[in-house]
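Geometric and topological summary
Each chain, letter by letter, is given below.
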Amino acid sequence: MARALSRKLKNNGKYSEQYRERRRKNNEAVRKTRAKERTKREKIPADIINLVKENYFLAGQIKVNLKNLNDYLQNADMECLRQSEEFDIDKLLRDSDSILVKYKPSSA
C-alpha cells in the first residue's frame, strides 16, 4: 500500500475502520482464492483417472471398428486394399492391442 494512503488510514497510530474493513475483505478474498486452488489441485488426479478410462474405452472402440472393417474387406473381396502398405489393417490391429495393454486402467 502506498505510504500516503497508509498515513491517511492511520488515526493517531491506530488503523482506521476503513483500513480494517479493507484488510478483512482482502483476507477473505485470499482465503477464497486459496480454497479454490486447493479444490482444483485435488480434482486433477480424478480427472487423470477418468481420461485414462476414456482413452481405454476409445482404444477398444477403435479395435472393434478395425475388426469390422477387416471382416468387411475380406467378405467384399478387397484383399488388395486390406494388404496395401498405406492401409495395413493387420498392423493397425496389432497396434491397437499394444495401446489397449499400455493404457489399461487398473480398475477396468
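Quantities reported herein were computed from a predicted structural model and do not represent experimental measurements. (Residues numbered from 1 in each chain as written. Predicted model: local features only at pLDDT ≥ 70, side-chain atom pairs only at ≥ 80, totals over all residues. Heavy atoms only, no water.)

Looking now at the overall build of the chain. Helix and strand counts for the chain stand at 4 helices and 2 strands. Secondary structure elements in the chain, listed N-terminal to C-terminal, are α-β-β-α-α-α. A buried classification covers 13% of the 108 residues belonging to the chain. Nonlocal contacts in the chain, meaning residues at least 24 apart in sequence, comprise 46% of its contacts between residues at least 6 apart. About 9200 Å² of surface is accessible on the chain, with carbon and sulfur atoms providing 53% of the total. (Helix = DSSP H or I, 4+ residues; strand = E, 2+ residues; numbered from the N terminus. Buried < 20%, exposed > 50% of the residue type's maximum accessible area, 1.4 Å probe, protein only. Contact = heavy atoms within 4.5 Å. Areas by Shrake-Rupley, 256 points an atom, 1.4 Å probe, with all protein chains shown as cover.)

Once that is clear, we can look at the confidence of the model for the chain. In this model, the chain carries a mean pLDDT of 80, and residues with pLDDT of at least 70 account for 76%. Ranking the elements of the chain by mean pLDDT puts strand 1 (residues 10-11) last, at 58, and helix 2 (residues 17-75) first, at 90. (pLDDT = per-residue confidence, 0-100.)

Here we take up the pattern of salt bridges. This structure, assessed with the given rule, holds 6 salt bridges. Across the pair glutamate 17 and arginine 20 runs a salt bridge whose closest N-O atoms are separated by 3.5 Å. Highlighted residues: glutamate 17 and arginine 20, both in helix 2, separated by 3 residues, approximately one helical turn. Owing to a relative accessible area of 56%, glutamate 17 belongs among the exposed residues under this scheme. Overall, the relative accessible area of 46% leaves arginine 20 in the partly exposed class. In this structure, lysine 43 and aspartate 47 form a salt bridge, with 3.5 Å as the shortest nitrogen-oxygen distance. Taken together, the residues lysine 43 and aspartate 47, both in helix 2 and 4 residues apart, mark about one turn of the helix. One network of salt bridges, in which partners are shared, links Glu21, Arg24, Glu28 and Lys32. (Salt bridge = Lys/Arg side-chain N within 4 Å of Asp/Glu carboxyl O.)

So, about a nonpolar patch on the surface. Nonpolar side chains collect at one region of the surface, where Ile44, Ile48 and Val52 lie side by side and expose about 230 Å² of accessible area between them. Looking at where isoleucine 44 falls in the secondary structure, it is placed in helix 2. (Patch = residues over 30% accessible without salt bridge, like charges linked within 9 Å, V, L, I, M, F, W, Y side chains within 5 Å.)

Counted at 1.5 Å a residue, the expected span for helix 2 with its 59 residues is 87 Å, and the 85 Å between its end C-alpha atoms agrees. The sharpest bend along helix 2 comes to roughly 30°, located at isoleucine 44, with the proline proline 45 sitting one to four residues further on. For helix 2, the complete set of buried residues consists of Tyr19, Ala59, Lys63, Leu66, Asn70 and Leu73. Note on helix 2: the residue one or two positions beyond its end, aspartate 77, has a positive phi of about 55°. (Expected span 1.5 Å × (residues − 1). Bend = angle between axes of the 7 residues up to and from the residue.)

Attention now moves to helix 4 (residues 89-102). Here helix 4 is 14 residues long and its end C-alpha atoms lie 20 Å apart, about the 20 Å a rise of 1.5 Å per residue gives. Taken together, the buried positions of helix 4 are occupied by Ile89, Leu93, Ser96 and Leu100. Looking straight down helix 4, one finds that the buried residues subtend no more than 60° of arc, so they occupy a single side. Turned more than 90 degrees away from the buried face of helix 4 sit Arg94, Val101 and Lys102, all of them exposed. (Arc of directions from axis to C-beta.)

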